[in-house]
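Topology and contacts: notes
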Amino acid sequence: MAYRWPAGTAFTRMVLDVEDRSCPVCDRYMHVCDHRYHHLWTLVGPTQVVNHLVRCPDPSCESRGRTFSPATELSLSMPRWCMGWDVFCWLGQRRFARHWSVPQLRAELQDGHQITLSDDAIAHYVGLYQTMLAARQQDPARLADDYRDIAGLVLTIDGLQPEKGHETFYVVRELMRKRVWFAEPLLSSATQEVRRLIVLARQWAERLGTPVRGWMSDKQDAFVTAIAAEFPGTPHRYCQNHFLRDVAQPVLELDSRAKVKMRSKVRGLRAIERRVLEDRRPTAAPEPPPLHETPNTAAVHAPASCPSRALGLVRPDSALEATGLAAVGDPGVADEAGEVVLGYCAAVRGILNDSRGGPLHPPGLRMSEALQDVRDSLDRNVQAQKGGVQSRW
Ligand SMILES: [Zn+2]
């Protein structure tokens, strides 16, 4: 990839010589016949590497016509790259270990190291890094080294579909070392296709000379038959997550319905926020704006055993009345009260939009617990307000 250097770039010069100047054929001292220039971004700045190329001076030598270049060049960078290994590793480590995005990498290279690279260039080098990483991960010698102390393997296979309609990406992992062994996109989940991957896994295990203690996957037919065929007698367990999900299905359906119900009860956040913001406007009329909603749309009913006092979550009327009263004397305090109301609104919105959770922590249950926390917090505030008679709060 050709790289266009910014005009006026000041390079630090680095001259490399061939380590052994004697001709490999006739042992004569070889002469410099040419130079090769390589311009690189390194973490210490733009660098111009000057390679002294040499050849044998004897026209009758068998090495005639051969040019020798310094081997150290490859310890700085690869041919035609625009960056040294240091920048390359900097990029790859941040991309794959810390999951930085390409624009983030570009900005940090620019700000932190004054290195100017385009998104395209960074994506290209990240791709090269990935290729090297994959090769290293699959290197048999390294793998054997990694598995020296492992007495038995536990393998898994699963298909991932990044987006609907895309081909499925099948990943074979080993659980004792928590390593991805290999992954392949398959156009179909036909048994033949899948079986090829299981065969490959068997070959890897045989090469390691380590027995496979078990397999784990979901109950996809292709997995079940291929594993049974290639690993006769090896226990095959079904994935705990899939298993739990299936067992929990009726509970999750109920949970989902409860969630819908909670969401339909906790409404009107936008109207409350709008009222706070309207009160804040300096040009707004001093009297409180008309009610935008009926109180019950703003009331939260947390399920189960919550105290049924009307003091519960969100009595926007009282909060806003307090705001209005305070606004007459002290706009700073009014703003603070509005800020509290907006803070609660943001918290409740976050709770309503959170859909995380699995079979063991159903999302609806999480939502109910979180809403109860908000309700308790509001209760505490209302109680504190009642106690402090002299205070506006
Ligand atoms: Zn020679």
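Worth saying up front: this structure is predicted, and the values here are computed from it rather than measured.

Attention now goes to unusual backbone geometry. One non-glycine residue with positive phi stands out, namely Asp27, at about 75 degrees. Here Asp27 is to be found in the loop between strand 1 (12-16) and strand 2 (31-42). With a phi angle near 55 degrees, Gln114 is a residue other than glycine that sits in the positive phi range.

On to the environment of Ala258, then. By the element assignment, Ala258 lies in helix 9 (residues 249-265). Owing to a relative accessible area of 33%, Ala258 belongs among the partly exposed residues under this scheme.

Before going further, it helps to spend a moment on the sheet that holds strand 4 (residues 153-160). The strands that make up a sheet pair up through hydrogen bonds in the backbone, lying either parallel or antiparallel. What the five strands build is an open sheet, ordered 6-5-4-7-8; its pairing is mixed. Two strands in the sheet have a free side with no partner beyond their single neighbour: strand 6 (179-186) and strand 8 (236-238). Strand-to-strand twist in this sheet, taken as the mean axis angle between neighbours without regard to direction, amounts to 20 degrees. Pairing of strand 7 (residues 212-217) with strand 8, which is carried by three bridges, proceeds in the parallel orientation. Residue pairing across strands places Ser217 opposite Tyr238, the latter belonging to strand 8.

Summed over all chains, the structure comprises 14 salt bridges. For Glu273, the salt bridge identified is with Arg349, shortest N-O distance 3.1 Å. You can see Glu273 sitting in helix 10 (residues 269-280) and its partner Arg349 sitting in helix 13 (residues 331-353), a full 76 residues away along the chain. According to the relative accessible area criterion, Glu273 is buried, its value standing at 13%. Arg356 is paired through a salt bridge with Asp354; the nearest N and O atoms lie 3.2 Å apart. Connected via shared salt-bridge partners are Arg195, Arg202, Glu206 and Glu230.

This part covers the coordination of the zinc ion. Protein ligation of the zinc ion involves Cys23 (SG), Cys26 (SG), Cys56 (SG) and Cys61 (SG), the donor distances falling in the range 2.3 to 2.4 Å. In this structure, the zinc ion is coordinated by four donor atoms arranged in tetrahedral fashion, with angles at the metal of 104 to 114 degrees. On the primary sequence, the residues serving as donors to the zinc ion are separated as C-x2-C-x29-C-x4-C. Placement of Cys23 in the loop between strand 1 and strand 2 and of Cys56 in the loop between strand 3 (45-55) and helix 1 (73-76) is noted, with a sequence separation of 33 residues between them. The class of Cys56 is buried, set by a relative accessible area of 9%.

The strand order 1-3-2 describes an open sheet built from three strands, whose pairing is mixed. Single-partner strands in this sheet number two, and they are strand 1 and strand 2. If you compare each strand with its neighbour and ignore which way they point, the axes differ by 20 degrees on average. Sheet topology places strand 1 next to strand 3; five bridges connect them, and they run parallel. Looking at strand 3, one finds that Thr12 is bridged to Thr47.

Its place among the elements puts Glu167 in the loop between strand 4 and strand 5 (168-174). Residues contacting Glu167, with those up to four places away along its chain left out, are Leu160, Gln161, Pro162, Pro185, Leu186 and Leu187.

Inspection of the entire model under this criterion finds 15 aromatic pairs. A centroid spacing of 4.9 Å and a plane angle of 80 degrees characterise the contact between Tyr3 and Trp5, whose relative ring orientation is edge-to-face. On the basis of relative accessibility, which here comes to 22%, the residue Tyr3 falls in the partly exposed class. Pairing Phe182 with Trp204 gives two aromatic rings, centres 5.4 Å apart and planes at 50 degrees, and the pair type is tilted. A residue pair is termed long-range when its members are at least 10 positions apart, and Phe182 in strand 6 and Trp204 in helix 6 (residues 191-208) qualify at 22 residues. Grouping aromatic residues by their ring pairs yields a cluster made of Trp81, Trp85, Phe88, Phe96, Tyr125 and Tyr129.

Conventions adopted
Residues numbered from 1 in each chain as written. Predicted model: local features only at pLDDT ≥ 70, side-chain atom pairs only at ≥ 80, totals over all residues. Heavy atoms only, no water. Helix = DSSP H or I, 4+ residues; strand = E, 2+ residues; numbered from the N terminus. Buried < 20%, exposed > 50% of the residue type's maximum accessible area, 1.4 Å probe, protein only. Pairing = 2+ DSSP bridges. Axes fitted to C-alpha atoms, helices over the stretch in contact; angles between N-to-C directions. Salt bridge = Lys/Arg side-chain N within 4 Å of Asp/Glu carboxyl O. Donors = N, O, S within 2.8 Å, 3.2 Å for Na, K, Ca; no water. Tetrahedral: all angles 85-135°; square planar, octahedral: opposite > 155°, others 65-115°. Contact = heavy atoms within 4.5 Å. Phe/Tyr/Trp six-rings, centres within 6.5 Å; stacked < 30°, edge-to-face > 60°.

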